[in-house]
Amino acid sequence: MKEINLFREMLQQHLRWNAARVAFVSIFLVALIRVRTVNLAEIATGFSSEAKVESRYKRLQRFFREFEVDYESIALMVVKVMKIPEPWVISIDRTDWKFGKTVFNVLTLGVVHQGIAFPLIWLMLDKKGNSNTRERCELWNRFLEIFADRQIDFLTADREFVGEEWFDYLLSDPCTRFRIRIRKNTLLDDGQKKLRADVCFQDLQVGQSKVLSQPRLVWGHSLYIAAMRLEDGDLLVVATAHLPHTAIADYAMRWAIETLFGCFKSRGFCLESTHLQHSERLSKLIALLTIALCWCFSSGLWLSVFKSLKPKKHGRLPKSIFRLGFDFLRDIVLNLHLHANSSAFFNSINFLSCTYPKAIKKHASRVFLWL
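Rules behind the numbers
- Residues numbered from 1 in each chain as written.
- Predicted model: local features only at pLDDT ≥ 70, side-chain atom pairs only at ≥ 80, totals over all residues.
- Heavy atoms only, no water.
- Helix = DSSP H or I, 4+ residues; strand = E, 2+ residues; numbered from the N terminus.
- Buried < 20%, exposed > 50% of the residue type's maximum accessible area, 1.4 Å probe, protein only.
- Contact = heavy atoms within 4.5 Å.
- Salt bridge = Lys/Arg side-chain N within 4 Å of Asp/Glu carboxyl O.
- Core = buried A, V, L, I, M, F, W, Y, C linked by side-chain atoms within 4.5 Å.
- Pairing = 2+ DSSP bridges.
- Axes fitted to C-alpha atoms, helices over the stretch in contact; angles between N-to-C directions.
- Parallel < 35°, antiparallel > 145°, perpendicular 65-115°, else oblique.
- Left-handed = near helix turned anticlockwise from the far one by under 90°.
- Nonpolar A, V, L, I, M, F, W, Y, C, P; charged D, E, K, R; others polar.
- Phe/Tyr/Trp six-rings, centres within 6.5 Å; stacked < 30°, edge-to-face > 60°.

Enquirer: What is the right way to read the side chain of Arg 254 from this model?
Expert: Secondary-structure assignment places Arg 254 in the loop between α9 (247-251) and α10 (255-264). Taking the relative accessible area as the measure of exposure, Arg 254 reaches 5% and is therefore buried. Excluding residues within four positions of it along the chain, Arg 254 makes contact with Ser 91, Asp 93, Thr 156, Ala 157 and Asp 158.

Enquirer: Mind showing me how you'd approach the pattern of salt bridges here?
Expert: Close approach of charged atoms lets side chains of opposite charge pair. Enumeration according to the criterion identifies 18 salt bridges in this entry. Taking the shortest distance from any N to any O, the salt bridge between Arg 134 and Glu 138 comes out at 3.6 Å. Of this pair, Arg 134 and Glu 138 are both found in helix α6 (residues 133-147), four residues apart, which corresponds to roughly one turn of the helix. On the basis of relative accessible area, Glu 138 is assigned to the partly exposed category, the value being 31%. When the shortest N-O distance is used, the salt bridge between Asp 234 and Arg 181 registers 3.5 Å. Here Asp 234 is found in the loop between β10 (221-229) and β11 (235-240), whereas its partner Arg 181 is found in strand β5 (residues 178-182), with 53 residues between them in sequence. According to the relative accessible area criterion, Arg 181 is buried, its value standing at 8%. When salt bridges with common partners are traced through the structure, they connect Asp 93, Asp 158, Arg 159, Arg 254 and Glu 258 into a single cluster.

Enquirer: Before we go on, may I ask you to explain the nonpolar core in this structure?
Expert: The nonpolar side chains of a soluble globular protein tend to be buried with one another. In this structure, Leu 11, Phe 28, Phe 118, Leu 120, Phe 269 and Trp 295 are the most contacted members of the largest nonpolar core, which totals 122 residues. No other element matches helix α11 (residues 279-306), which puts 16 residues into this core. Excluding residues that lie within four positions of it along the chain, Phe 118 makes contacts with Val 78, Met 82, Ile 84, Leu 109, Gly 110, Val 111, His 113, Leu 293, Cys 294 and Phe 297.

Enquirer: Explain the pairing of strand β2 (residues 102-113) to me, please; I cannot follow it from the model alone.
Expert: Regular strands place side chains that alternate from one sheet face to the opposite one. Of all 12 residues making up β2, 10 are buried, and the element is well covered by its neighbours. Pairing geometry for strand β1 (residues 88-99) and β2, over 10 bridges, is antiparallel. Looking at the pairing, Ser 91 lines up with Gly 110 of β2. In this sheet, strand β3 (residues 116-124) lies alongside β2 in antiparallel orientation, the contact comprising eight bridges. Across the sheet, residue Leu 109 finds its bridge partner in β3, namely Ile 121. Turn length for the β2-β3 hairpin, with the two strands adjacent in sequence and antiparallel, is two residues, and the turn residue Gln 114 shows positive phi of about 55°.

Enquirer: I keep staring at the packing of helix α2 (residues 19-35) against α11 and nothing clicks. Help me out?
Expert: When two helices pack together, you describe them by how their axes are tilted relative to each other and by the distance separating the axes. Where α2 meets α11, the axes come as close as 10 Å, and the angle between the chain directions of the two elements is 65°. In terms of orientation, α2 and α11 fall into the roughly perpendicular class. In the packing of α2 onto α11, the handedness of the crossing is right-handed. Here α2 contributes Val 25, Phe 28, Leu 29, Val 30, Leu 32 and Ile 33 to the contact with α11, which in turn contributes Leu 285, Leu 288, Leu 289, Ile 291, Ala 292, Trp 295 and Cys 296. Residues that form the contact of α2 with α11 fall into these classes: 13 nonpolar, no polar and no charged.

Enquirer: I tried to follow the side chain of Arg 56 on my own but got confused; where do I start?
Expert: Counting through the fold element by element, Arg 56 comes out in helix α4 (residues 53-66). Excluding anything up to four places from it in sequence, Arg 56 contacts Ala 44, Thr 45, Phe 47, Ser 49 and Ala 51.

Enquirer: When you look at the environment of Asn 130 in this model, what are you seeing that I'm missing?
Expert: Following the sequence through the fold, Asn 130 ends up in the loop between β3 and α6. C-alpha separation for the pair Asn 130 and Leu 107, spaced 23 residues apart in sequence, amounts to 9.2 Å. What Asn 130 contacts, discounting residues up to four positions off in sequence, is Arg 94, Glu 135 and Glu 160.

Enquirer: Help me understand the packing of aromatic side chains in this model?
Expert: For any two aromatic rings, the description comes down to two numbers: the centre-to-centre distance and the angle of the planes. Tallied over the entire structure, the rule returns 22 aromatic pairs. Relative to Trp 295, the ring of Phe 7 lies with its centre 4.6 Å away and its plane at 45°, an arrangement referred to as tilted. Separated by 288 residues along the polypeptide, Phe 7 in helix α1 (residues 2-12) and Trp 295 in helix α11 bring together distant segments of the chain. Each member of the pair, Phe 7 together with Trp 295, is buried. The interplanar angle of 75° and the centroid separation of 5.4 Å between the aromatic rings of Phe 167 and Trp 219 together place this pair among those described as edge-to-face. Taken together, the residues Phe 167 in helix α7 (residues 164-171) and Trp 219 in the loop between β9 (216-218) and β10 connect sequence positions 52 residues apart.

Note that all results are geometric; they support no functional claim without further evidence.
Right, here's the structure in full:
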């Protein structure tokens, strides 16, 4: 199929893999968009192939069992094709789910861009529950091995990512600036007495925020503490070593990684429906989903240039950028026979091209006809 060949040629510019492997990835991604699930039995039915479904399924199994994925090339591709500007905001978090008695637990690092965290590094945790300092350091070290020359604005993370050893690591040389939420019962030491964070900010009303005038000793480190009373009455407390007056607003960017997990799961590719239980095979699947995410999101951005989404009365958009692109791609791949002579598929993969901005202008008039 000419569409698959075109997709393969575009991908090969960024993934210096064997041509047959890149062709397989192209077919896989088109099938994934078509069936909207990572379940391999379903993806096998979505393959554009004359082979029997059983043969396609075995081919999928062989890929995840045998092919060695170059994860660094995936990370570099994400940054390049999404054109993520510096300095970067990094968000880290875990996502977990169960399949039968098997627990999947993935520690993920993403760079925040356009309201979503694009995954660059992930670590499969062979256990239930929270990550530990060793695992977090391994994740960050792997990130620095690839992107040591990049400018980082700050790291943001939720209440799981706290502790003396972790803060020691972040504040060591070179120092990593951070905005990390701490628990409201954390003891803050002002040099004379120790008080819980919720006691220090007990005067805050809903919607109000405040920064303590002086740093407090937290887990052996002198940190600024900012807090805000949320609508449900809970207290959001953020620790940082720099620019505390923007800490609350900056911390809000952490939510981008929750948006990522939503796209990977129920709002997109149904990651929880996978039957892959081997951690390395699941990691390969996430690598392919990362490419698919970029495809959907860039298609949504491309469409939004020509057809702006109007917010509803509650202030939110009727569709996310991801969903706009995802629905657009599904319509194309489910009806390729209707678009054989149109530029729809070509336009959708132009994010992989080094001449992407030029292509947008060139095909602008056709976009209006398509919409």
